[in-house]
Structures are given as structure tokens and as C-alpha cells.
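The lines below spell out each chain.
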Amino acid sequence: MANDQEKEAAARASLRFVKDGQIVGLGTGSTAAYFIQLLGDAVKNGLHVRGIPTSVRSRQQAASLGIPLTTLDECQQIDVTVDGADEVDPELRLIKGGGGALLREKIVASATKQLVIVVDASKRVPVLGRFPLPVEVIKFAQAVVVKKIEALGAKVSLRQEADGNPYLTDEGNHLLDCRFEQIPDADSLARQLSDMPGIVEHGLFIGMANVVLVADGSELVELRREH
Ligand code: 5RP
């Protein structure tokens, strides 16, 4: 089965976690976009929810589908969030941010009772790190942060647009893509990055995902975090 079909299948399976009347976090990326599309269909068929998007892109998509929206200013507890990921390890630790929205995604996830991650089978890895870890950084601190992350063993590149300009996140920051190849101790790396002045947020999501739905061919695997 092609990746896109797996993405849609995982997104479809996540719909049963959404109940009438709930506040729903709307992830970002191609898999989350399938979820938003399907949620829009459900809303047209009478489901009542209010969505909190994790990016300008997802907000535009949800609004165009007629999904009622709210904000964290109005509502600080989200019942369920459905989002994608770039990598998932056996402990349900994630790398996120390939789509550039990790900061708002992590804030929304942190305010969510149940974080449901939807992925195709290619995202499952034994050890995180093959996918370059996105790190959102304040421009003023960029050169200092690059040096420090390189000293931790990564090859670091500034994310750029097709025209060569730096990619800007929805919050106006730069993104560093940090190629570690392997992150044997993700918990420790997450702490080190969180302690570095100038890093706004990093793409390691640890202890956040409650459920990961993996579409693998025609099979749907549901993984749950035990602790
Ligand atoms: C965006 C993300 C995405 O969820 C992640 O990049 C996965 O994207 P896709 O579903 O397109 O493979 O973290 O910041």
C-alpha cells in the first residue's frame, strides 16, 4: 500500500477517538491533513466539535471545511489531539517538526488529555535519529546554538525555502535540522536541548503520545504508552 493510502487509513482510524462536544487539537502535515478532511466530513454529517489548529496551514484547511474553531485563549484544555509524526520509537517517543510546526504542536499536545498520533509504517523506527531533528531557534542565538548542537554530534543545517531564504515558523523563528543518525538517549538529549538558551523548542516529544495508530499495508496497529 502506498504511503498516502496508509496515512489516510491511520487518519480514518483516529476518528473514533473524537466524541461529540469535544475540543479537538488539529495537527499539521500530510497525515494530519487527511484527519482534518475526514473531521470536516463528520462535521458536515452533524458532529459537534471545536478545533484548535497547530499551524496557520491547518487553520486555513479547517476553516475552509467549516470546522468550528477556537483558541487556547478561550479554552486551555483539549480533549483529544490528532497529529502526525516523523519518527516513532517503541516507547512512543517521537520526532516531530518535519512540517515546521513543532512549537505550536507541542504546546497543543501539552494541553491535551489524549494525544493520538497517526502514521504510515515508514515512521516506525527502533531508535530515533535517522530523521533530522528539527529545533526551533531564536535568530539572535542561532550561531551559538548551531555550535553547541554540533558539539553533541549532529550535522546541523538551517531550513530554507526554495528561494534560499530561511524558512520562518508561524512564530517567526528559524528551524535547524539536526542530523544525529542515531539518538540512543533521547531523554537526555531532550533535556540538554531544553536547557540551551536560544532554543525555543525541539522536536523530541517524550511521554506525550498516548496512542499511536500505524497503518501498515492493510493492517492497522494500535500502540499505547504503558507509563
Ligand atoms: C509537522 C509535523 C508532522 O506531523 C510530521 O512532519 C509528519 O508529517 P507527514 O504527516 O506529512 O509525514 O510534525 O510539524
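Counting of residues starts from 1 at the beginning of each chain's written sequence and follows it residue by residue. Per-residue local features are limited, in this predicted model, to residues with pLDDT of at least 70; the limit for side-chain atom pairs, both in listing and counting, is 80 or more; totals at the level of whole chains, interfaces and linings are taken over all residues. Computation of side-chain values: all heavy atoms of the structure, hydrogens and water removed.

Novice: Which residues make up the layout of surface pockets, and what values go with them?
Specialist: A water-sized probe rolled over the atoms picks out the places where empty space is left. Within this scheme a cavity is a closed region of a 1 Å grid, computed over the protein atoms alone, that accommodates a 1.4 Å probe without allowing it to escape, whereas a pocket is open but has protein on both sides within 12 Å along at least five of seven lines; lining residues each have an atom within 4 Å of a point. Grid points are joined across faces, edges and corners, and a volume is the space filled by probe spheres set on the points. The space that makes up the largest pocket amounts to roughly 220 Å³. Counting residues per element, the ones that place at least two in the lining of the largest pocket are strand 2 (50–53) and helix 4 (102–110). Where helices and strands are cited, they refer to DSSP runs of H or I of at least four residues and of E of at least two residues respectively, numbered from the N terminus. Considering every element that reaches the lining of the largest pocket, the biggest residue donor is helix 4, with 3 residues. Split by residue class, the lining of the largest pocket holds 5 nonpolar, 3 polar and 4 charged. Basically, the charged four are Asp, Glu, Lys and Arg, the nonpolar ten are Ala, Val, Leu, Ile, Met, Phe, Trp, Tyr, Cys and Pro, and anything else, Gly included, counts as polar.

Novice: Lay out helix 6 (residues 186–194) in plain terms, naming residues and giving numbers.
Specialist: A simple rule labels every residue: compare its accessible area, found with a 1.4 Å probe on the protein chains alone, to the largest value its type can have, and call it buried under 20%, exposed over 50%, or partly exposed in between. Buried residues of helix 6: Ala 186, Leu 189, Ala 190 and Leu 193, and no others. Down the axis of helix 6, the buried set is contained in an arc of 100°. They therefore lie on one face. Those residues of helix 6 hidden inside the fold are in contact with strand 7 (133–137), helix 5 (142–151), strand 10 (199–202) and strand 11 (204–205). Arc, as used here, means the arc of the directions from the helix axis to the C-beta atoms. Note on definitions: a residue-residue contact is assigned when non-hydrogen atoms from the two residues lie within 4.5 Å.

Novice: How would you sum up the site of the ligand? Please name residues and give values.
Specialist: Taken together, the neighbourhood of the ligand is formed by 18 residues, with Ser 30, Thr 31, Asp 86, Gly 97 and Lys 123 sitting nearest. We define a polar contact as two N or O atoms separated by no more than 3.5 Å, with the added condition that, inside protein, one atom must be a possible hydrogen donor and the other a possible acceptor, whereas residues neighbouring each other in sequence contribute only through side-chain atom pairs. Lys 7 places a side-chain nitrogen or oxygen 3.3 Å from an oxygen atom of the ligand. Separating an oxygen atom of the ligand from a side-chain N or O atom of Lys 96 is a distance of 2.9 Å. Only the protein chains shown count as covering a residue, and every accessible area follows the Shrake-Rupley method with a 1.4 Å probe. Notes on the ligand: free accessible area 370 Å², of which the protein chains cover 91%. When contributions to the shell around the ligand are tallied by element, the ones reaching two or more residues are helix 2 (30–44) and helix 4. Among the residues making up the shell around the ligand, the classes are represented as 3 nonpolar, 9 polar and 6 charged. Any residue with at least one heavy atom within 4 Å of a molecule or strand is counted as near it.

Interpretation in functional terms is not warranted from these geometric data alone.
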